[in-house]
Number of protein chains: 2
Amino acid sequence: MTEALDSVFKPKSVAIIGASRSPGKIGYEILRNIKEYGYKGKIYPVNPAADEILDIKCYHSVLDVPGTIDLAIISIPAKFVPPVIDQLAEKGTKAAVVISSGFSEVGNKELEEDLIRRARRAGIRIIGPNVFGVLYSPTRLNATFGPRDVRPGNIAFITQSGALGIALMGWTVTEKIGLSAVVSVGNKADIDDSDLLSWFRKDENTNVVLIYMEGIADGRKFMQEARLTTQFKPIIVLKAGKSKKGMVAASSHTGSMAGSDVVYSASFKQAGVLRAENLEQAFDWALAFSALKIPKGRRVVIVTNGGGVGVMATDSCEAAGLEVFDPPEDLRKEFKRYMPEFGSVKNPIDLTGMATHEEFRGALRTAIKHKAVDCIIALYCETAVSDPIKIADVVTEVFHTSNKPITVTMIGGENVSQAMALLKEHGVPVYPDTERAVSAMAALVRWAERRSHPTM
Amino acid sequence: MTEALDSVFKPKSVAIIGASRSPGKIGYEILRNIKEYGYKGKIYPVNPAADEILDIKCYHSVLDVPGTIDLAIISIPAKFVPPVIDQLAEKGTKAAVVISSGFSEVGNKELEEDLIRRARRAGIRIIGPNVFGVLYSPTRLNATFGPRDVRPGNIAFITQSGALGIALMGWTVTEKIGLSAVVSVGNKADIDDSDLLSWFRKDENTNVVLIYMEGIADGRKFMQEARLTTQFKPIIVLKAGKSKKGMVAASSHTGSMAGSDVVYSASFKQAGVLRAENLEQAFDWALAFSALKIPKGRRVVIVTNGGGVGVMATDSCEAAGLEVFDPPEDLRKEFKRYMPEFGSVKNPIDLTGMATHEEFRGALRTAIKHKAVDCIIALYCETAVSDPIKIADVVTEVFHTSNKPITVTMIGGENVSQAMALLKEHGVPVYPDTERAVSAMAALVRWAERRSHPTM
């Protein structure tokens, strides 16, 4: 398995079977993405009627390709896919991504079984069918027909939904969220979430795995792989088809049996998998995990320049099980240095609306240094006396010298938008609402505690 | 009361007591905001040492001002405020906004009592003290030291927190959310949320009232006004200080006794007040209400081009109490016209990834026309075959010809960001996550049902 997935993510050569000369066609867009995202291995377009596409020599058949094909991306009508697998067997291919649809998702189970039978015989592992492709940023391989310029990072994203997956790829670009991998798993006729988990567990380029799923065929296998993986890195699952109606919709969408949601929830918990409630939360958490700063416990300090947001964050912390503890005397005294008389050294630490980036720097450094503090939530409301860009600079600086996790909320206008973009570019998890910063921190804490006490 | 608040929001003349010549000073920034936001009434800066500020004639004392002062904005050291109230009595002033801090919020209760005693004697109603000001967009009055170019709209925003209020004003500009009013209520020594509710209830420029509060002194009065108001327009409350720790923080922040959260929740429910869980949700709901399309019931149709988002929205609908009903035969037949063979006419209506703006237009119009449908949730994932901007155009067009509410989710990259900005500019409630579109629709439904059955 490892070898097959090495071929998927780190191939020395890629053949695009069904490469097309027509912009807009899937077989053209995939080839273009592979070329323009900067893949450095050999690229073999295969098309019986073309000699060159996008300035790359094209082969009329798989058998015409010189040398080995590590990875095959197949985008031809469904019924032609199984015979191609036989040909790939002769080219030493280890893995194929079958983009083509028209298999079990439209009721054509026999064709899918034929495909898998031939793949097994040939020793080729299959991703799909019915997928939009695979991306792995460390090797600059974008073998998808989704957006091209995906931001490199360390979140691996596995998706059972195609439309959602493609749309989210674009969204991560706009939101400055970096990805190590995107895997569209489609019908999961062969390679499934479990296989991918076992590969990403050892992948040094991946810090966290985010899975959008509607159903799993082999729950036991998934839980086994998940339990092993969460010892090393967090898994965030967004499981759709929770409700009765949603389950019916999921089954008509991907043909997968969704199964009882209660069972999923219990199993996820047992395996240490973090279950997100919605898309926003899933990516919020992933963003916090991608920085890979692990809290030692749940004692949080809230540093704020606004009393109101401090109160709201305190509410959220209490609900999420984070401990907004009373700072010991020495810590209070230290905080006192960075606020006017009417500030508060009780937690939340209220630097007041007078605070500039200097006070934020002082208070944040203080919190990082003190042993009573496990994690920090920094809240900023735009004021006339402070510059959001300078606040972002200070938070970035403190963040990267800290071994304690920090999540951030910034609220304000255009300058705050820019400051938040800066923070994201520097890998600092920042959110536009206090509750989201708290929820991300609580997810970090839950994972860290589970890791140190896996039997919990 | 009505008369006093008419003077606050629709004054014929405004005096700024403590107007300053120094940019950055509060007394300068307020004057500049009043002038540059476009207020058309008379502006009287008052400063003992200046003859002109920002090209406006300045008066050395309140008593020097010719004619009546409808509204006084006071930004001078706290101890000088009470005597000014006496002077204002002579100028026929009905209301004063006391920006100055240094009253009960720092323990100076006597000074605050003195202020209120004199105001009562003079027949002057007070907003504050300890506030950042008041904005009312219909009269182009921005008497705050917050951001200037607040977008006109029909959401009235009342805030007990200063820093948060100012930061959110800026945020609404960036997010293209329109406001009718912003009121910083600060210490609420006189005018409180209840008084404001009774005024906004009759204000034709306000469709929805959003309140950030940490505590209310007179709960009975608030509930009375709220119950009356929710018969006409929705009230969304974000009540901080829910948790034990949060309550303590709130009381040290504004000095208000937060009281038991359970009591607040029960009272809000009884009065038909919608309680939001967090900032994002409060504004999400307000955005949906500002369009003022009221659902007849909870039967929802989900129209989507992505199966996965359809499933997630279905889950959220079931959790929020919206009914994802099975469309009757004639409606299914009609939907069928706008999708390929493998689309789904079961709810969610899956137009599939092949859908363009034409199919969205057809399906949305179909849903609007059919009597079985109470409300519509439209979900779009960016695809290669569709143009997000055209989708936004179609949704805008359909939205404004519909008497049924529509909330929208769009997911994708830069083009989707632009499309979402367009939708917001045209007053269409659009969100980046399915759950948020569903939550906003569910809030509309809850309010609508409550309004038709106030005893529920």
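The structure displayed is predicted, hence computed values, not measured ones. (Residues numbered from 1 in each chain as written. Chains lettered and ligands numbered in written order. Predicted model: local features only at pLDDT ≥ 70, side-chain atom pairs only at ≥ 80, totals over all residues. Heavy atoms only, no water.)

Colleague: So what exactly am I meant to see when it comes to helix 10 (residues 279–290) of chain A here?
Modeller: Each α-helix turn comprises 3.6 residues. Residues three or four places apart therefore point the same way. Residue and element names in this part refer to chain A. For helix 10, which comprises twelve residues, the first-to-last C-alpha distance of 16 Å matches the rise-based estimate of 16 Å (1.5 Å per residue) to within 8%. Burial within helix 10 is extensive, with twelve of its twelve residues counted as buried. Of all the residues in helix 10, the buried ones are Leu279, Glu280, Gln281, Ala282, Phe283, Asp284, Trp285, Ala286, Leu287, Ala288, Phe289 and Ser290. Once helix 10 finishes, Leu292 follows within two positions and takes phi at roughly 50°, a positive value. (Helix = DSSP H or I, 4+ residues; strand = E, 2+ residues; numbered from the N terminus. Expected span 1.5 Å × (residues − 1). Buried < 20%, exposed > 50% of the residue type's maximum accessible area, 1.4 Å probe, protein only.)

Colleague: Looking at this structure, I do not really get the interface of chain A and chain B. What am I missing?
Modeller: A common measure of how large an interface is: the accessible area buried when the components associate. Opposite the 54 residues of chain A that make contact, chain B presents 54 residues. A buried area of about 4,000 Å², summed over both sides, lies between chain A and chain B, and 61% of it is on carbon and sulfur atoms. Summed over the shared surface of chain A and chain B, the number is four salt bridges. Here Arg436 of chain A makes a salt bridge to Glu280 of chain B, at a shortest N to O gap of 2.6 Å. Where chain A meets chain B, there are 28 residue pairs in polar contact (both at pLDDT 80 or more). Elements with a contribution of two residues or more to the side of chain A that touches chain B: helix 5 (162–174), strand 13 (235–239), helix 8 (244–254), helix 10, helix 11 (307–320), helix 15 (414–425) and helix 16 (434–452) of chain A. Across the side of chain A that touches chain B, the residue classes tally to 21 nonpolar, 17 polar and 16 charged. (Contact = heavy atoms within 4.5 Å. Buried area = accessible area lost by both parts, 1.4 Å probe. Salt bridge = Lys/Arg side-chain N within 4 Å of Asp/Glu carboxyl O. Polar contact = N/O pair within 3.5 Å; in protein donor to acceptor, adjacent residues only side chain to side chain. Nonpolar A, V, L, I, M, F, W, Y, C, P; charged D, E, K, R; others polar.)

Colleague: Any chance you could explain the sheet that holds strand 13 of chain A here in plain terms?
Modeller: Two pairing modes exist for strands in a sheet, parallel and antiparallel, and in both the strands are linked by backbone hydrogen bonds. All names here are of chain A. With mixed pairing, seven strands are arranged side by side in an open sheet as 9-8-11-10-12-13-14. Two strands bound the open sheet, and with one partner strand each, they are strand 9 (141–144) and strand 14 (274–275). Here strand 10 (residues 152–159) pairs with strand 11 (residues 179–184) via six bridges, running parallel. Each residue of the ladder has a partner; that of Pro152, found in strand 11, is Leu179. In the packing of helix 5 onto the sheet, contacts are made with strand 8 (133–136), strand 9, strand 10, strand 11 and strand 12 (208–213), and the angle to strand 10 comes to roughly 165°. (Pairing = 2+ DSSP bridges. Axes fitted to C-alpha atoms, helices over the stretch in contact; angles between N-to-C directions.)

Colleague: Explain the nonpolar core to me, please; I cannot follow it from the model alone.
Modeller: Ranked by size, the top nonpolar core spans 116 residues in total, and within it Ile377 of chain A together with Ile236 and Ile377 of chain B carry the most contacts. The residues contacting Ile377 of chain A, other than those within four sequence positions of it, are Val300, Val301, Ile302, Val303, Cys317, Leu322, Thr407, Ala437, Val438 and Met441 of chain A. (Core = buried A, V, L, I, M, F, W, Y, C linked by side-chain atoms within 4.5 Å.)

Colleague: Looking at this structure, I do not really get helix 13 (residues 357–369) of chain A. What am I missing?
Modeller: Residue and element names in this part refer to chain A. The first and last C-alpha atoms of helix 13 sit 18 Å apart over 13 residues, in line with the 18 Å expected at 1.5 Å per residue. Residues His357, Phe360, Gly362, Ala363, Leu364, Thr366, Ala367 and Ile368 constitute the buried set of helix 13. Two or three places before Glu358, at the start of helix 13, stands the capping residue Thr356, its side-chain oxygen 3.1 Å from that residue's backbone nitrogen.

Colleague: Help me out: how do you make sense of the side chain of Ser20 of chain A in this one?
Modeller: Residues and elements named next belong to chain A. With respect to the helices and strands, Ser20 occurs in the loop between strand 1 (13–17) and helix 2 (26–36). We classify Ser20 as buried; its relative accessible area is 12%. Side-chain polar atoms of Ser20 contact the backbone nitrogen of Ser22, separated by 2.9 Å. Excluding residues within four positions of it along the chain, Ser20 makes contact with Lys25, Gly27, Tyr28, Asn47 and Ile53.

Colleague: Even after reading the chapter, I still don't get the environment of Ile411 of chain B, so can you show me in this structure?
Modeller: Mapping Ile411 of chain B onto the fold places it in strand 19 (residues 406–411). Remark: the alpha-carbon pair of Ile411 of chain B and Glu435 of chain B, spanning 24 residues in sequence, is separated by 12 Å. Leave out the neighbours within four places in its chain, and Ile411 of chain B touches Leu164, Ala167, Leu168 and Leu279 of chain A together with Val309, Tyr380, Cys381, Glu382, Val416 and Pro432 of chain B.

Colleague: For this particular structure, what's the right way to read the packing of helix 14 (residues 388–401) of chain A against helix 15 of chain A?
Modeller: Angle between the axes and distance between the axes: these two values describe a pair of packed helices. All names here are of chain A. Look at helix 14 against helix 15: their axes get within 8 Å of each other, and the N-to-C directions meet at 20°. Between helix 14 and helix 15, the angle is such that the two are roughly parallel. Note on packing geometry: the crossing formed by helix 14 with helix 15 is right-handed. Of the residues in helix 15, those in contact with Pro388, Ile389, Ala392, Asp393, Val395 and Thr396 of helix 14 are Asn415, Val416, Gln418, Ala419, Leu422 and Leu423. (Parallel < 35°, antiparallel > 145°, perpendicular 65-115°, else oblique. Left-handed = near helix turned anticlockwise from the far one by under 90°.)

Colleague: Help me out: how do you make sense of the relation of the copies chain A and chain B in this one?
Modeller: In summary, the two copies of the chain are related to each other by a rotation about an axis coupled with a shift along it. You can overlay chain A on chain B at an RMSD of 0.0 Å; the transform is a turn of 180° with a shift of 0.0 Å along its axis. What the superposition gives is, in effect, a two-fold axis relating one chain to the other. Using C-alpha coordinates, one finds that chain A approaches the rotation axis most closely at Glu280 of chain A, a distance of 5.9 Å. Comparing interface residues between copies, 98% of those in chain A also sit at the interface in chain B, which points to an isologous, same-surface contact. (Least-squares fit on C-alpha atoms with pLDDT ≥ 70 in both.)

Colleague: Please explain the domain arrangement of chain A as it appears in this structure.
Modeller: All names here are of chain A. Split by domain assignment, chain A resolves into domain 1 (2–289) and domain 2 (299–452). Its C-alpha centre places domain 1 at a distance of 38 Å from the equivalent point of domain 2. With 21 residues of domain 1 in contact, the opposing surface of domain 2 contributes 16 residues. Each partner contributes to the roughly 1,600 Å² buried at the junction of domain 1 and domain 2, and carbon and sulfur atoms together form 54% of this total. If you sort the residues of domain 1 by the area they bury against domain 2, Lys176, Asp284 and Leu287 come out on top, with a joint share of 28%. With a shortest N-O distance of 3.1 Å, Lys176 and Glu425 are connected by a salt bridge. Inspection of the domain 1/domain 2 interface yields eight residue pairs in polar contact (both at pLDDT 80 or more). Of all elements in the fold, only helix 9 (261–271) and helix 10 reach the threshold of two or more residues within the side of domain 1 that touches domain 2. Considering each element in turn, the side of domain 1 that touches domain 2 owes the most residues, seven residues, to helix 10. (Domains from an automatic or database assignment.)

Colleague: Can you help me understand the sheet that holds strand 1 of chain A in this one?
Modeller: All names here are of chain A. The parallel open sheet is built from five strands, whose spatial order is 2-1-5-6-7. Lying at the two open borders of the sheet, with one neighbouring strand each, are strand 2 (42–46) and strand 7 (125–127). Each strand axis lies, on average, 20° off the axis of its neighbour in the sheet, ignoring direction. Two strands pair when backbone bridges link them, and strand 6 (residues 95–98) and strand 7 are joined in this way by three bridges, in the parallel orientation.

Colleague: Which parts of the structure should I look at to understand the packing of aromatic side chains?
Modeller: The description of two aromatic rings rests on the distance between their centres and on the angle between their planes. This structure, assessed with the given rule, holds 25 aromatic pairs over all chains. Ring centres of Phe222 of chain B and Phe268 of chain B lie 6.2 Å apart, and the angle between their planes is 70°; this geometry places the pair in the edge-to-face category. Taken as a pair, Phe222 of chain B in helix 7 (residues 219–229) and Phe268 of chain B in helix 9 (residues 261–271) lie far apart in primary sequence, 46 residues in all. For the pair Phe222 of chain B and Phe268 of chain B, one class covers both residues: buried. Here the guanidinium or amino end of Arg140 of chain A rests over the ring plane of Tyr37 of chain A, the centre of that ring lying 3.9 Å away. (Phe/Tyr/Trp six-rings, centres within 6.5 Å; stacked < 30°, edge-to-face > 60°. Lys NZ or Arg CZ within 6 Å of the ring centre and 35° of its normal.)

Colleague: Mind showing me how you'd approach the environment of Gly123 of chain B here?
Modeller: Residues and elements named next belong to chain B. You can see Gly123 is positioned in the loop between helix 4 (109–122) and strand 7 (125–127). Judged by relative accessible area, Gly123 falls into the partly exposed class, the value being 44%. Along the sequence, Gly123 and Ala95 sit 28 residues apart, while their C-alpha atoms lie 8.4 Å from each other. If we ignore the near neighbours within four places in the chain, the residues touching Gly123 are Thr93 and Lys94.

Colleague: Help me understand the side chain of Asp433 of chain A, please; the structure alone is not making it clear to me.
Modeller: Locating Asp433 of chain A in the fold gives a position in the loop between strand 20 (430–431) and helix 16. There is no salt bridge for the buried Asp433 of chain A, and the closest opposite charge comes from Arg436 of chain A, which lies 6.6 Å off by N-O distance. The contacts of Asp433 of chain A, once residues within four sequence positions are left out, are Thr409 of chain A together with Asn278, Leu279 and Glu280 of chain B. (Lys, Arg positive; Asp, Glu negative; His and termini not counted.)

Colleague: Please explain a nonpolar patch on the surface as it appears in this structure.
Modeller: There is a patch of nonpolar side chains on the surface, built from Val106 of chain A together with Phe342 and Met354 of chain B and spanning about 330 Å² of accessible area. If you trace the backbone, Val106 of chain A turns up in the loop between strand 6 and helix 4 (109–122). You can call Val106 of chain A partly exposed: its relative accessible area is 48%. (Patch = residues over 30% accessible without salt bridge, like charges linked within 9 Å, V, L, I, M, F, W, Y side chains within 5 Å. Areas by Shrake-Rupley, 256 points an atom, 1.4 Å probe, with all protein chains shown as cover.)

Colleague: How do you make sense of the pattern of salt bridges when you look at a structure like this?
Modeller: Two side chains of opposite charge can pair, provided their charged atoms sit close to one another. Within this structure, the stated rule accounts for 54 salt bridges over all chains. Its salt-bridge partner being Arg436 of chain A, residue Asp284 of chain A comes within 2.7 Å of it at the nearest N-O pair. Of this pair, Asp284 of chain A sits in helix 10 while Arg436 of chain A sits in helix 16, and the two are 152 residues apart along the sequence. Given the relative accessible area of 7%, Asp284 of chain A is considered buried. We classify Arg436 of chain A as buried; its relative accessible area is 15%. The partner of Arg298 of chain B in a salt bridge is Glu449 of chain B, with the nearest N and O atoms 2.7 Å apart. With a gap of 151 residues between them, Arg298 of chain B in the loop between helix 10 (279–290) and strand 15 (299–304) and Glu449 of chain B in helix 16 (residues 434–452) connect regions that are remote in the sequence.

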